[in-house]
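Residue-level listing of the chains:
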Amino acid sequence: MEPNEFAVAAAITAGLVEATKRMGTPTRFAPAVAIVFGVAVVALQSWPLSSTEALWGIMAGLTAAGLYSGVKTTAGK
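Criteria and thresholds
- Residues numbered from 1 in each chain as written.
- Predicted model: local features only at pLDDT ≥ 70, side-chain atom pairs only at ≥ 80, totals over all residues.
- Heavy atoms only, no water.
- Axes fitted to C-alpha atoms, helices over the stretch in contact; angles between N-to-C directions.
- Helix = DSSP H or I, 4+ residues; strand = E, 2+ residues; numbered from the N terminus.
- Parallel < 35°, antiparallel > 145°, perpendicular 65-115°, else oblique.
- Left-handed = near helix turned anticlockwise from the far one by under 90°.
- Contact = heavy atoms within 4.5 Å.
- Nonpolar A, V, L, I, M, F, W, Y, C, P; charged D, E, K, R; others polar.
- pLDDT = per-residue confidence, 0-100.
- Expected span 1.5 Å × (residues − 1).

1. A word on the packing of helix H1 (residues 3–22) against helix H3 (residues 51–75)
Next up, step 1: Relative orientation of the contacting elements H1 and H3 amounts to 60 degrees, with a least axis distance of 8 Å. Between H1 and H3, the interaxial angle falls into the category oblique. Handedness of the crossing formed by H1 with H3: right-handed. Contacts from Phe6, Ala9, Ala10, Thr13, Ala14, Glu18 and Lys21 of H1 reach H3 at Trp56, Met59, Ala60, Gly61, Thr63, Ala64 and Tyr68.
Next up, step 2: Taken together, the residues of the contact of H1 with H3 sort by class into nine nonpolar, three polar and two charged.

Set out below in structure tokens:
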């Protein structure tokens, strides 16, 4: 996976997690949802999904969760 593909996967994952939270998913489940969406987005980008791509998906989900948390903390909300 190229770095730009990873950045796109993390951004899409962050957006999907935020949409899921706005639909009523409890915030405490956001990291798990981010990992699931991260793997799903990477799977759509590079099918068939190998174990390496699955790890990239997990990293994209964790990146998305950390990115959201960092922005939220910085913004002071």
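2. Notes on the side chain of Lys21
Next up, step 1: Along the chain, the position of Lys21 falls in helix H1.
Next up, step 2: Setting aside chain neighbours within four positions, we find Lys21 in contact with Thr27, Ala30 and Tyr68.

3. What to know about the confidence of the model for the chain
Next up, step 1: Summarising the model, the chain shows a mean pLDDT of 89, and 99% of its residues fall at 70 or more.
Next up, step 2: By mean pLDDT, H3 is the weakest element of the chain at 85, and helix H2 (residues 30–45) is the strongest at 93.

4. A word on H3
Next up, step 1: Across its 25 residues, H3 extends 36 Å between first and last C-alpha, which sits within 8% of the 36 Å expected from 1.5 Å per residue.
Next up, step 2: The secondary structure elements touched by the buried residues of H3 are H1 and H2.
Next up, step 3: One or two steps after H3, the chain reaches Gly76, where phi turns positive at roughly 80 degrees.

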